[in-house]
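This is what each chain is made of:
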Amino acid sequence: MSNSDLVVKSNRLNMAIQNLTLPELRIVQLAIVDARETGKGLSSDTPLRIDALRYAQAFDTSRQNAYVRMKEAEDTLFNRRFSFVDTEGKLVKSRWIQRVRYLDDEGAIEIVFTTDVVKGITRLDGAEEFFTQYLLSQTANLNSVYSVRLYELLIQWKTAVKTPVFELSLFRGQMGLGDNEYKDMSNFKKRVLDLGIEQINEHTDITAKYKQIKKGREIVGFEFSFKEKSKPIDSTSKAVERDPNTADMFTQLTDKQLARIVHSKKFINDYNGLVSAQNPANQSSGAWVAHMVEWLKKDPSNFAKRLMQEYLDDEQAQRF
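None of these values were measured; they are calculated from a predicted model. (Residues numbered from 1 in each chain as written. Predicted model: local features only at pLDDT ≥ 70, side-chain atom pairs only at ≥ 80, totals over all residues. Heavy atoms only, no water.)

J.: Explanation requested: the overall build of the protein in the structure shown.
T.: For the protein, the count of helices and strands is 14 helices and 10 strands. Among the 320 residues that make up the protein, the fraction classed as buried is 46%. For the protein, contacts bridging at least 24 residues in sequence account for 64% of all contacts bridging at least 6. (Helix = DSSP H or I, 4+ residues; strand = E, 2+ residues; numbered from the N terminus. Buried < 20%, exposed > 50% of the residue type's maximum accessible area, 1.4 Å probe, protein only. Contact = heavy atoms within 4.5 Å.)

So, in structure tokens, the structure goes:
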């Protein structure tokens, strides 16, 4: 599997007490992935652009819905705080982002992270700390923020396949719960813990379970164990499909090259409005991409704003 969607986050940041919603957490995930893939990393002076189409492709939704979710998430994320213990054992409180700019006409936002977040999001190469690593695709189908956070916390211990005891009050904070949320243990287990385990076991690459740790009759923490699922063998025949490396008759480009062109930021900006909001192709990122590729193959004369090679040379297209 390609590492193009590898999320790399410092364990200190990963273990931080935080209260992000699912769309907010997804913006942070995309930032981590894109910062790593550009090869430029992040700085507290450099804005990071996130396109609605990028969000839609990653989390299988329409571009319109993606942009709405991004704007809502950004608005609240701007005011979110988190806390962590620094290298000197001192409690630190920080914010996630310090600046945002809306690009409504381009269906994108630009955000600038705070220094503490920048230090916790880095490229894997040359890193001096231990880092939590996981693929964005593993959490894309999790529809609960508790499921995503639990997966992040567990995967940090992937080599050991077993976590230390997560002390209850700290664990609740790491899962994003306020002091008055799911105080009753049965509700906490049903709405947070069991829900997270169920979704992780169904949608990710691991199968997990937990053990309650008690002090007397009181539950004081949880210990998790998990294992990787065996990778399924794809026996589906592709013989009837056109080879993606075979050039199309009219464009003289392969399907793989056409898909890269469609993913180009320049292409998206140039032809973002060609498909109406009511068109079924606009209901998901996958449908839009497939629609545009077929349109390119059928009538490339509609796409004459730039040379195709310029789209292929675009940085985002090269990452696809």
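J.: Would you take a moment to explain the side chain of glutamine 199 for this structure?
T.: Looking at the element boundaries, glutamine 199 is found in helix α9 (residues 185-203). What glutamine 199 contacts, discounting residues up to four positions off in sequence, is Leu142, Asn143, Ser144, Ser147 and Thr204.

J.: Can you walk me through the packing of helix α3 (residues 52-59) against helix α4 (residues 63-77) in this structure?
T.: When two helices pack together, their arrangement is given by the angle between their axes and by how far apart the axes lie. Relative orientation of the contacting elements α3 and α4 amounts to 105 degrees, with a least axis distance of 8 Å. In terms of orientation, α3 lies roughly perpendicular with respect to α4. Note on element contacts: α4 touches α3 through Arg63, Ala66, Tyr67, Arg69 and Met70, opposite Ala52, Leu53, Tyr55 and Ala56. Split by residue class, the contact of α3 with α4 holds seven nonpolar, no polar and two charged. (Axes fitted to C-alpha atoms, helices over the stretch in contact; angles between N-to-C directions. Parallel < 35°, antiparallel > 145°, perpendicular 65-115°, else oblique. Nonpolar A, V, L, I, M, F, W, Y, C, P; charged D, E, K, R; others polar.)

J.: What should I look at first to understand the side chain of serine 83 in this one?
T.: With respect to the element layout, serine 83 can be found in strand β3 (residues 81-85). Not counting residues within four places of it along the chain, the set of residues in contact with serine 83 comprises Ala16, Ile17, Leu91, Val92 and Lys93.

J.: Would you take a moment to explain the nonpolar core for this structure?
T.: Grouped burial of nonpolar side chains is what soluble globular proteins tend to show. The biggest cluster of nonpolar side chains holds 64 residues, and the ones touching the most others in it are Ile27, Trp96, Phe113, Leu150, Phe171 and Phe224. Sorting elements by how many residues they give to this core places helix α2 (residues 22-38) first, with nine residues. Discounting residues that sit within four places of it in the chain, leucine 150 has contacts with Phe171, Met175, Leu193, Gly196, Ile197, Ile200 and Phe224. Leu253, Tyr271, Val289 and Leu312 belong to the second-largest nonpolar core, a separate cluster that totals 16 residues. (Core = buried A, V, L, I, M, F, W, Y, C linked by side-chain atoms within 4.5 Å.)

J.: Would you mind going over the sheet that holds strand β10 (residues 218-228) with me for this structure?
T.: In sheet architecture, strand pairing relies on hydrogen bonds along the backbone and comes in two forms, parallel and antiparallel. Here we have three strands laid out as an open sheet, ordered β8-β10-β9, and antiparallel in their pairing. The outermost strands of the open sheet, each flanked by one partner alone, are β8 (166-167) and β9 (206-215). As judged from the two bridges shared by β8 and β10, these two strands associate in the antiparallel manner. Bridging from a neighbouring strand, phenylalanine 166 pairs with phenylalanine 222 of β10. (Pairing = 2+ DSSP bridges.)

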